[in-house]
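# Structural overview for review
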Amino acid sequence: MANTPICDTVIKEQCRKLGINNIGKSTIREIVGLVNCIEKETGEKFVRMEMGVPSLKPPKVGTEAEIKALNDGVAAIYPMVDGVPELKKEASRFVKNFIGVDISPECCIPTVGSMQGGYATFLTCSNLDPQKDTALFIDPGFPVQKQQFNVMGHKYESFDVYDYRGEKLRDKLESYLSKGNINSIIYSNPNNPSWICFTDDELKIIAEVADKYDAIVIEDLAYFRMDFRDDTYHPGFPPYQASVANYTDNYILMISGSKAFSYAGQRVAVVAISDKVFHRSYPNLQKRFGRDQFGATFVMRIIYALSSGVCHSAQYGLAAMLKAANDGTFNFIKDIEEYGKRAEKMKKLFVDAGFNIVYDKDIDKDLADGFYFTITYKDWTGDKLLEELLHYGISAITLDNTGSKKYGLRACVSQITPDKMELLEKRLEIYKQNH
Ligand SMILES: Cc1ncc(COP(=O)(O)O)c(C=O)c1O
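Residues numbered from 1 in each chain as written. Predicted model: local features only at pLDDT ≥ 70, side-chain atom pairs only at ≥ 80, totals over all residues.

Right, let's get into the overall build of the protein. The helix and strand tally for the protein stands at 15 helices and 15 strands. By the compact-globule yardstick of 22 Å for 435 residues, the protein fits well, its C-alpha radius of gyration being 22 Å. Dimensions of the protein, computed from C-alpha atoms along their principal axes, come out at roughly 65 × 55 × 45 Å. With 435 residues in all, the protein has 51% of them scored as buried. For the protein, contacts bridging at least 24 residues in sequence account for 76% of all contacts bridging at least 6. (Helix = DSSP H or I, 4+ residues; strand = E, 2+ residues; numbered from the N terminus. Rg over C-alpha atoms; globule rule 2.2 N^0.38 Å. Buried ≥ 20, exposed ≤ 12 C-beta atoms within 10 Å, placed from the backbone. Contact = placed C-beta atoms within 7 Å.)

Written out as structure tokens, the structure reads:
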């Protein structure tokens, strides 16, 4: 048996120091902390697949607009809570150009990342109607969103969509929504962690069930336009980002600057609320927050209380990138296609080393190569596999943490720049020899 790059004692010792009893149940940030400590202790660099940090440069059109805004003095001025008009206008154009739907600038609200966008959306939706006190996640999903529910003390239910693709999704959704307690349906598309992409038929089913039971669909588009199987950049023309917004008026879209625009550090996103939901009145919102309209509550009660708006210059940065994308002068998709290329190579390396891809199909189509993929080894649990891979200097998160019922890990490709592929290959070779 060949020596592993990281020895068991170091892993155990660092887990003990950080108070980690079960690696498989750790949050993404806890794994990040653990790997940082092991790297420091051993001097060995990890192949880091645990966190979706964009490794591409932020677009100049964004950073230059921010610099200009700062030179113009915005740092001294509180931004309006509902966002700067330039960003609202460009966000509205963006959803028209790249999804094909109409949302007024008024209903496009900047948030401190989709993290805050989600928190504010979940909080508002959880208080629309006392009878509807539960959100429904179509899992697997982004683990920290459940943490947000735990922090808020609001309820959620979830199911793993693996066995319920296509028409089967309808009955599964019905089984939850017919109970009458569901206020919203939440999912990401493309999906973090599995990278499944719902088909238009599935999005239509979600829309129809949501309409039937008057629930709001919260569509998290953190990986906007990152299904690279489609022909890509044609502002104003199809193919568009697939979206439930084409099939219902009961929706909220979360569009993050972090991944599609490599702007994670600036913590800026837009929540685009359908005009219908934005203007709708809910007596319980009046009771709970003192405003009855969804949009007014979201902006003037929730976002105001959480952060009083979004960093002024970051809004100008995102506005400039969206404007350039809308005007046809910035093909943002071309840059991020790099992630698809990395995924293709990495999946092959893992499969050659004896791993299997867990979520591998969109019904009858092979899954796209994108920001994440999922792996399993033999019949091992995610905990066991993660612990083992740490010995080979490879980090990831368990699917357990994402609401998946499948064994395995989520692998994120973003930090595996082309120069790190060789290291991954070498480590997987040792893994293969040893198993
Ligand atoms: C599905 C999903 N939603 C939301 C977010 C958070 O996005 P942001 O960086 O805009 O807060 C992420 C980030 O990884 C994500 O994967």
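The N-to-C vectors of helix 3 (residues 60-71) and helix 12 (residues 312-327) enclose an angle of 140°; their axes lie 7 Å apart at closest approach. Judged on the interaxial angle alone, helix 12 and helix 3 are oblique. For the pair helix 3 and helix 12, the crossing hand works out as right-handed. Listed contacts from helix 12 to Val61, Gly62, Thr63, Ala65, Glu66, Ala69 and Leu70 of helix 3 are His312, Ser313, Ala314, Tyr316, Gly317, Leu318, Ala319, Ala320, Met321 and Ala324. In the contact of helix 3 with helix 12, the residues fall into 11 nonpolar, 5 polar and 1 charged. (Axes fitted to C-alpha atoms, helices over the stretch in contact; angles between N-to-C directions. Parallel < 35°, antiparallel > 145°, perpendicular 65-115°, else oblique. Left-handed = near helix turned anticlockwise from the far one by under 90°. Nonpolar A, V, L, I, M, F, W, Y, C, P; charged D, E, K, R; others polar.)

Quick look at the domain arrangement of the protein now. Considered domain by domain, the protein is made up of domain 1 (8-56 + 334-434) and domain 2 (60-327). Summarising the inter-unit geometry, the C-alpha centres of domain 1 and domain 2 are found 28 Å apart. In this assembly, 29 residues from domain 1 lie in contact with 29 residues from domain 2. Contributions of two or more residues to the side of domain 1 that touches domain 2 are made by helix 13 (332-352) and strand 12 (372-376). (Domains from an automatic or database assignment.)

Of all 7 residues making up strand 5 (residues 182-188), 7 are buried, and the element is well covered by its neighbours. Where strand 3 (residues 134-139) and strand 5 come together, 4 bridges link them in parallel fashion. Bridge pairing in strand 5 places Ala135 opposite Ser184. As paired elements, strand 5 and strand 6 (residues 216-220) share 5 bridges and run parallel to each other. Note that in strand 6 the partner of Ser188 across the bridge is Asp220. With helix 8 (residues 200-212) bridging strand 5 and the parallel strand 6, this β-α-β connection has right-handed handedness. (Pairing = 2+ DSSP bridges. Right-handed = clockwise from strand over helix to strand, strands pointing away.)

Lining the immediate environment of the ligand, one finds 13 residues, of which Gly113, Met115, Ala222, Ser256 and Ser258 sit closest. Sort the elements by how many residues they give to the shell around the ligand and helix 5 (residues 113-125) lands first, with 3 residues. (Near = placed C-beta within 6 Å.)

Turning to the environment of Leu285, a few remarks are in order. On the secondary structure map, Leu285 appears in helix 10 (residues 283-289). Residues Leu285 and Ser126, 159 residues apart in the sequence, show an inter-C-alpha distance of 9.9 Å. The residues contacting Leu285, other than those within four sequence positions of it, are Asn127, Leu128, Arg291, Asp292, Phe294 and Thr297.

This part is about the pairing of strand 15 (residues 409-412). Side chains Leu409 and Ala411 of strand 15 all project onto a buried face; the interleaved residues Arg410 and Cys412 project onto the opposite face, where all are buried too. Examined bridge by bridge, strand 14 (residues 397-398) and strand 15 share 2 bridges and lie antiparallel to one another. Within the sheet, the bridge partner assigned to Ile397 lies in strand 15 and is Arg410.

A separate point is unusual backbone geometry. Trans peptide bonds make up most of the peptide bonds, and negative phi angles are found at most residues other than glycine. Omega for the peptide link from Asp139 to Pro140 comes to 10°, which places this bond in the cis form. In this fold, Pro140 is placed in the loop between strand 3 and helix 6 (143-152). In this model, Asp214 sits at a positive phi of 50°, which is unusual for a non-glycine residue. Here Asp214 lies in the loop between helix 8 and strand 6. The backbone phi angle of Ile363 is positive, close to 60°, even though this residue is not glycine.

Of all hydrophobic cores here, the largest spans 137 residues; its most connected members are Ile185, Ile206, Ala272, Ile273 and Ala411. Ranked by residues supplied to this core, first place goes to helix 12 with 8 residues. A domain-level breakdown of this core finds at least three residues from each of domain 1 (8-56 + 334-434) and domain 2 (60-327). If near-sequence neighbours (up to four positions away) are discounted, Ile185 is found in contact with Leu136, Ile138, Ile206, Ala210, Ala215, Val217 and Ile218. (Core = buried A, V, L, I, M, F, W, Y, C linked by C-beta atoms within 7 Å.)

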